[in-house]
Amino acid sequence: MNNELLNEVTFFVLAIFIGIEVISKVPTILHTPLMSGTNAIHGIILVGAIVIAAGASTPVNIAIGLVAVILATTNVVGGFVVTDRMLEMFKGRQAPKAAESKTTAK
Amino acid sequence: MNLAIALAYLVAAVLFILGLKQLSSPKSARNGNFTAAAGMVIALLATLPLLHFTSTGATIIVIGVVIGALVGTIGARMVKMTAIPQMVALFNGVGGGAAALVAVAELLRFGEHPSFSLAFPSVFSIVIGSVSFAGSMVAFAKLQELMTGTPITYPGQQLVNGLLAAAIVGFVIAVLAIASVPFSFIALMLLALVLGVAFVLPIGGADMPVVISLLNAFTGLAVAASGFTLNNFALIVAGTLVGASGSLLTKMMSDAMGRSLVSVLFGAFGKVQAGAAAVAGQEGRSVRSASAEDLGTLLAYSQRVIIVPGYGLAVAQAQHAVRELAEVLEKRGVEVSYAIHPVAGRMPGHMNVLLAEANVPYEQLKEMDEINDEFKNADVVLIVGANDVVNPAARTSPGSPIFGMPILNADQAKNIVFMKRSMRPGFAGIDNELMFDPKTMMFFGDAKESLTKLVSAVKAA
């Protein structure tokens with residue numbers, strides 16, 4: 001096992017624990033928005049789709065690259081927008097102050 | 001990997017983790033979504049300098065992003081609140097498809113003898129991504145009612161699915177061991193697509209949110225596997241986060257329905273349904289139906305009213321009408337609260353979202369555990385378009401497919417008003433004894449119109 005693979009496996013294992021830990025206290029009403037939010041996050045496959053599409057030259061690769069980019073972008077954009085639509089319904093009853101803290105979160 | 005890019009990926013990963021954390025609390029959930037989106041933008045921008053674009057490559061990326069962004073935005077903006085679960089299924093499916101395609105492209109690039117550490121994650125991503133894609137499309141079709149929402153079963157189904165899975169494992173070994181078989185991974189992809197369809201067909205519509213959550217976790221893992229293929233840290237971390245949190249979330253969702261994950265996936269929910277139960281149930285038994293005036297009087301002179309909203313309320317877009325009724329009642333000094341079953345509607349949290357939209361005060365929304373002991377003190381329980389979540393069969397008849405699911409104790413109230421469009425069984429496809437209860441009055445019609453009638457009846461009373 002080379003060093004790079006070893007690093008990757010380390011990240012993989014640590015990310016499993018973080019993924020479980022970080023959502024372990026979610027209330028029932030947020031199950032669906034959380035599912036939708038994580039759904040948007042796996043749209044990161046767009047990074048992969050761009051990587052394979054960037055150097056595409058054969059017709060097969062071009063076709064695969066194009067379809068992969070379309071699907072992945074739909075996943076990212078649709079995922080975040082639909083999650084936001086679900087969550088904006090909750091805004092009525094929370095302090096408006098919460099709204100500005102996100103812009104400072106980098 | 002370039003240091004700056006590695007650091008940008010690290011920032012993105014941290015933002016994903018913070019985003020998930022915020023998403024799990026109602027106060028910060030909406031910000032959590034923005035935080036995760038910011039992480040996504042950073043990861044995407046950081047990737048670009050690393051690449052050598054051909055002009056064709058750059059063109060298809062721009063075209064693809066534009067099309068995808070349009071489809072995603074329009075789809076997510078236009079969809080009705082009631083159709084959101086299937087929209088999530090759709091967005092999840094396309095992500096799985098993209099992960100599988102990325103792995104296919106990499107395998108093509110590796111040629112005939114890729115090393116095991118590259119070939120294995122690619123093949124894994126193709127299989128899991130394809131299963132997620134096909135399964136999500138079936139889930140979408142079921143929820144969108146393009147096909148029947150009831151389970152599709154046939155004798156020997158488990159065996160067929162088992163054989164499919166075994167064939168896939170065989171193919172995986174073949175592709176890995178004898179990698180010189182050209183394009184064998186195409187066959188593998190087709191088999192996995194068939195398995196995805198076959199896997200979701202026997203699962204009923206009521207269980208779909210759990211299945212979508214599971215497929216969501218699958219897609220996360222497929223993305224992580226593609227990350228191993230591409231040696232991309234951002235894909236590995238983000239994909240794994242989703243795979244792990246999605247798996248836990250799937251378990252929590254099935255727990256909220258009082259069902260084990262195994263029975264959701266392999267139990268063919270609602271199999272023992274409609275046919276026998278519905279016929280036997282309705283034959284020779286009558287239900288009591290009431291007029292708006294009767295019910296208006298009953299409600300106006302009650303002290304405590306509990307409203308149980310369900311999917312019918314969402315379909316009729318009756319959330320504003322129900323709030324209006326509650327306000328009219330409160331003006332007369334009636335104490336009103338809403339009993340929210342964890343899986344009322346077609347996704348957990350559906351009712352909270354709808355009622356919040358109609359500005360129903362948050363304090364009036366009571367979760368099941370909180371309110372279940374209060375039904376016996378309620379003068380009237382008003383069931384608006386809900387069915388399975390108040391079906392006493394979940395407590396009393398061990399043969400019922402919903403047996404063991406925690407339900408709202410609506411049957412303990414002094415009067416039960418059932419607002420429904422028809423006598424049709426609920427989404428689980430089973431009859432509801434509660435409709436035949438002597439304390440029950442049926443009020444048929446579209447939920448919104450019926451509620452409006454009740455508002456005027458209460459005002460007149």
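A. Here's a closer look at unusual backbone geometry. All names here are of chain B. Look at asparagine 231: it is not a glycine, yet its phi comes out positive at around 50°. Along the chain, asparagine 231 falls in the loop between α8 (208-230) and α9 (233-256). Classification of asparagine 231 by C-beta neighbours within 10 Å gives partly exposed; the count is 16. In this structure, glutamine 317 is a non-glycine residue whose phi angle is positive, near 55°. Mapping glutamine 317 onto the fold places it in the loop between α13 (311-315) and α14 (319-331). Of the residues examined, glutamine 317 has 17 C-beta atoms within 10 Å and is grouped as partly exposed.

B. Summary view of the environment of B:Ile84. As for its placement among the helices and strands, B:Ile84 is situated in helix α4 (residues 84-110). When the C-alpha atoms of B:Ile84 and B:Leu143 are compared, they prove to be 9.7 Å apart, with 59 residues separating the residues in sequence. If near-sequence neighbours (up to four positions away) are discounted, B:Ile84 is found in contact with A:Val82, A:Met86, B:Val79 and B:Met347.

C. Spotlight on the sheet that holds strand β6 (residues 440-444) of chain B. Residues and elements named next belong to chain B. Ordered by their spatial adjacency, six strands build an open sheet running β3-β2-β1-β4-β5-β6, and the pairing between neighbours is parallel. The strands lining the two open edges of the sheet, one partner per strand, are β3 (365-367) and β6. In this sheet, adjacent strand axes meet at a mean angle of 25° when their direction is disregarded. Bridging between strand β1 (residues 304-309) and strand β2 (residues 335-340) involves four bridges; their strand directions are parallel. Along β2, the bridge assignment pairs valine 305 with valine 336. Set on the sheet, α14 makes contact with β1, β2 and β4 (380-384); between it and β1 the angle comes to about 175°. Strand contacts of helix α15 (residues 350-357): β1, β2 and β3, with the helix running at about 140° to β2, the strand carrying the most contacts.

D. Structural view of the domain arrangement of chain B. Residues and elements named next belong to chain B. For chain B, the domain assignment lists domain 1 (52-266) and domain 2 (286-460). Between the C-alpha centres of domain 1 and domain 2 there is a distance of 38 Å. Contact residues are listed per partner, giving 16 residues for domain 1 and 16 residues for domain 2. Listed by contribution, the elements that provide at least two residues to the side of domain 1 that touches domain 2 are α4 and α9. Broken down by class, the residue content of the side of domain 1 that touches domain 2 amounts to nine nonpolar, six polar and one charged.

E. Broad picture of the packing of α4(B) against α8(B). All names here are of chain B. The interhelical angle for the contact between α4 and α8, taken along N-to-C directions, is 25°, at an axis separation of 9 Å. In terms of orientation, α4 lies roughly parallel with respect to α8. Classified by chirality, the crossing of α8 by α4 is left-handed. In this structure, α4 contributes Pro85, Val88, Ala89, Asn92, Gly95, Gly96, Ala99, Ala100, Val102, Ala103 and Glu106 to the contact, and α8 contributes Met208, Pro209, Ile212, Leu215, Asn216, Phe218, Thr219, Ala222, Val223, Ser226, Thr229 and Leu230. Within the contact of α4 with α8, the residues separate by chemical class into 15 nonpolar, seven polar and one charged.

F. Main features of the packing of helix α1 (residues 3-22) of chain A against α9(B). Running from N to C, α1(A) and α9(B) point in directions that differ by 35°, and their axes come no closer than 7 Å. The two elements α1(A) and α9(B) meet at a crossing, and its hand is right-handed. Judged by residue contacts, A:Glu8, A:Phe11, A:Phe12, A:Ala15, A:Ile16, A:Ile18, A:Gly19, A:Ile20 and A:Val22 of α1(A) engage B:Phe233, B:Ile236, B:Val237, B:Thr240, B:Leu241, B:Gly243, B:Ala244, B:Ser245 and B:Leu248 from α9(B).

G. Inspection of the pairing of strand β5 (residues 415-420) of chain B at higher detail. All names here are of chain B. The buried count for β5 comes to five of six residues, which makes it a mostly enclosed element. As defined by bridge partners, β4 adjoins β5 across five bridges and the pair is classed as parallel. By the bridge assignment for β5, valine 384 is matched with methionine 419. When β5 meets β6, the two strands line up parallel, connected through five bridges. Note that in β6 the partner of phenylalanine 418 across the bridge is methionine 442.

H. The arrangement of the nonpolar core in detail. Residue and element names in this part refer to chain B. Leu188, Val308 and Ile383 are the most contacted members of the largest nonpolar core, which has 198 residues in total. The biggest single contributor to this core is α4, with 16 residues. Counting contributing residues, this core receives three or more from each of domain 1 (52-266) and domain 2 (286-460). The contacts of valine 308, once residues within four sequence positions are left out, are Ala339, Val381, Leu382, Ile383, Val384, Ala386, Val390, Leu408 and Ala410.

I. Spatial organisation of the confidence of the model for chain B. Residue and element names in this part refer to chain B. Here chain B averages 86 in pLDDT, while 93% of its residues score no lower than 70. Every residue in residues 269-284 is under pLDDT 50, and counting partners more than four places away or in other chains gives 31 contacts. Interface confidence in the predicted complex, given as ipTM, is 0.86; pTM for the same model is 0.76.

J. Just the environment of B:Val211, in detail. All names here are of chain B. Mapped onto the elements of the fold, valine 211 is located in helix α8. A residue is classified by how many C-beta atoms lie within 10 Å of it, and valine 211, with 26 of them, is buried. Each C-alpha atom of the pair valine 211 and tyrosine 154 lies 20 Å from the other, and the pair is 57 residues apart in sequence. Filtering out sequence-adjacent residues up to four positions away, valine 211 remains in contact with Ala139, Val200 and Ile203.

K. Representation of the environment of B:Lys331 in the model. All names here are of chain B. Residue position: lysine 331 is located in helix α14. Judged by the 10 C-beta atoms lying within 10 Å of it, lysine 331 falls in the exposed class. The spacing of lysine 331 and threonine 54 is 277 residues in sequence and 70 Å in space, taken between C-alpha atoms.

Conventions and cut-offs
- Residues numbered from 1 in each chain as written.
- Chains lettered and ligands numbered in written order.
- Predicted model: local features only at pLDDT ≥ 70, side-chain atom pairs only at ≥ 80, totals over all residues.
- Helix = DSSP H or I, 4+ residues; strand = E, 2+ residues; numbered from the N terminus.
- Buried ≥ 20, exposed ≤ 12 C-beta atoms within 10 Å, placed from the backbone.
- Contact = placed C-beta atoms within 7 Å.
- Pairing = 2+ DSSP bridges.
- Axes fitted to C-alpha atoms, helices over the stretch in contact; angles between N-to-C directions.
- Domains from an automatic or database assignment.
- Nonpolar A, V, L, I, M, F, W, Y, C, P; charged D, E, K, R; others polar.
- Parallel < 35°, antiparallel > 145°, perpendicular 65-115°, else oblique.
- Left-handed = near helix turned anticlockwise from the far one by under 90°.
- Core = buried A, V, L, I, M, F, W, Y, C linked by C-beta atoms within 7 Å.
- pLDDT = per-residue confidence, 0-100.

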